[in-house]
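# Report on the structure
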Amino acid sequence: AAGQAEAALGKGRFALATIGFNLPFDSPAAMRDFARRQGVGAANWSFLTPEAAQLDRLLADFGFSHVATPSGFDHVLQATILDADGRIVKQVYGETFGLDAFVEPLKALVAGMPLPANDLASMIEKVRLLCTVYDPVSGVYRLDYALFVEMLGGLLVIVATAVFLLQDRRRAQRRR
């Protein structure tokens, strides 16, 4: 995918970083070994290990969450696209990512075009992320459709309350 993105955007137009947060296991040596095993040798791709004192802040800044498991931890895969100033412009979550999820925001950044902050796809992605839960039985993350139903129910209660209050206000105005 990185090679395809580079072919679309041009060589040297972006950089990649993989950050290992499972300290102390994701040491610099372990990250170099991971890069080698993945066949990554691109000059624009770094494999990084944060300082232990900075780990919690890094996780919070990226909105990265994980769940403790008997074998260590588990998490939803997350890719974050930053602009040249280090500001988060797009986050992509899930087990698989389409190439366009990366290339389109990168194209906009390279071209200096503004990215939509709250488009429908981003909002759907945020809701999907909120409804993704860890299933300890299967050892994978899955969508919890009950959360969708709960959100819909909450939205319906809010709408019904707003309608009731508006109707009550109109009745009160008519009586005056």
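Look up a bit, the structure's there.
Below or above, wherever it landed, is the structure these notes cover. What you see is a predicted model, and the numbers here were worked out from it, not measured in a lab.

For Ser65, the location among the structural elements is in the loop between helix 3 (55-62) and strand 3 (67-69). A residue is classified by how much of its surface remains accessible, and Ser65, at 53% relative accessible area, is exposed. On a C-alpha basis, the gap between Ser65 and Leu77 in space is 9.9 Å, while along the polypeptide they are twelve residues apart.

This next bit is on the pairing of strand 2 (residues 45-48). In the sheet, strand 1 (residues 16-19) pairs with strand 2 via four bridges, with the strands oriented parallel. Counted as the bridge partner of Ile19 is Leu48 from strand 2. The handedness of the strand 1 to strand 2 crossover, carried by helix 2 (residues 28-38), is right-handed.

With that settled, consider the side chain of Asp83. You can see Asp83 is positioned in the loop between strand 5 (78-82) and strand 6 (88-93). Among the polar contacts made by the side chain of Asp83, one reaches the main-chain amide nitrogen of Arg87 at a distance of 2.8 Å.

Running from amino to carboxyl end, helix 1 (residues 2-9) crosses helix 4 (residues 99-111) at an angle of 35°, the nearest separation of the two axes being 10 Å. Both helix 1 and helix 4 take part in a crossing whose hand is right-handed. Side by side, helix 1 and helix 4 meet where Gln4, Ala5, Ala8 and Leu9 of the first sit next to Leu99, Val103, Leu106 and Lys107 of the second.

The subject of this paragraph is the pattern of salt bridges. Evaluation of the coordinates by the stated rule reveals seven salt bridges. The partner of Arg37 in a salt bridge is Asp33, with the nearest N and O atoms 2.9 Å apart. Remark: Asp33 and Arg37 occur in helix 2; sequence separation between them is four residues, near one turn of the helix. The residue Asp83 makes a salt bridge to Arg87 at a minimum N-O spacing of 2.8 Å. Several salt bridges share partner residues, and in doing so they unite Asp33, Arg36 and Arg37 into one network.

Moving on, we come to a nonpolar patch on the surface. A cluster of nonpolar residues, Leu152, Leu155, Leu156, Val159 and Val163, forms a patch on the protein surface that exposes about 450 Å² of accessible area. Positionally, Leu155 belongs in helix 6 (residues 145-175). For Leu155, a relative accessible area of 49% corresponds to the partly exposed category.

This part covers the nonpolar core. Judged by nonpolar contacts, Ala5, Leu9, Phe14, Ala79, Ile81, Val92, Ala101, Phe102, Val103 and Leu106 together constitute the single largest core of ten residues. Elements with a minimum of two residues in this core: helix 1, strand 5 and helix 4. By residue number, the principal contributor to this core is helix 4, which donates four residues. In this structure, Phe14 is in contact with Ala2, Ala5, Glu6, Leu9, Asn44 and Leu106, ignoring residues within four places of it in sequence.

Further remarks concern unusual backbone geometry. Residue Leu23 is joined to Pro24 through a cis peptide bond whose omega torsion reads 5°. Relative to the assigned elements, Pro24 resides in the loop between strand 1 and helix 2.

The tally for this structure, following the rule as stated, stands at three aromatic pairs. Ring plane angle 10° and centroid distance 5.6 Å describe the contact between Trp45 and Phe47, whose orientation is recorded as stacked. Three or more aromatic residues joined by ring pairs form one cluster here, namely Phe34, Trp45 and Phe47.

Turning our attention to the side chain of Asn44. Mapped onto the elements, Asn44 comes out in the loop between helix 2 and strand 2. Engagement of the side chain of Asn44 in a polar contact is seen with the backbone oxygen of Phe14, the distance being 3.1 Å. The residues touching Asn44, leaving out its near neighbours within four places in the chain, are Glu6, Phe14, Ala15 and Leu16.

Conventions we followed
- Residues numbered from 1 in each chain as written.
- Predicted model: local features only at pLDDT ≥ 70, side-chain atom pairs only at ≥ 80, totals over all residues.
- Heavy atoms only, no water.
- Helix = DSSP H or I, 4+ residues; strand = E, 2+ residues; numbered from the N terminus.
- Buried < 20%, exposed > 50% of the residue type's maximum accessible area, 1.4 Å probe, protein only.
- Pairing = 2+ DSSP bridges.
- Right-handed = clockwise from strand over helix to strand, strands pointing away.
- Polar contact = N/O pair within 3.5 Å; in protein donor to acceptor, adjacent residues only side chain to side chain.
- Axes fitted to C-alpha atoms, helices over the stretch in contact; angles between N-to-C directions.
- Left-handed = near helix turned anticlockwise from the far one by under 90°.
- Contact = heavy atoms within 4.5 Å.
- Salt bridge = Lys/Arg side-chain N within 4 Å of Asp/Glu carboxyl O.
- Patch = residues over 30% accessible without salt bridge, like charges linked within 9 Å, V, L, I, M, F, W, Y side chains within 5 Å.
- Areas by Shrake-Rupley, 256 points an atom, 1.4 Å probe, with all protein chains shown as cover.
- Core = buried A, V, L, I, M, F, W, Y, C linked by side-chain atoms within 4.5 Å.
- Phe/Tyr/Trp six-rings, centres within 6.5 Å; stacked < 30°, edge-to-face > 60°.

Read these as spatial facts, not as claims about activity.
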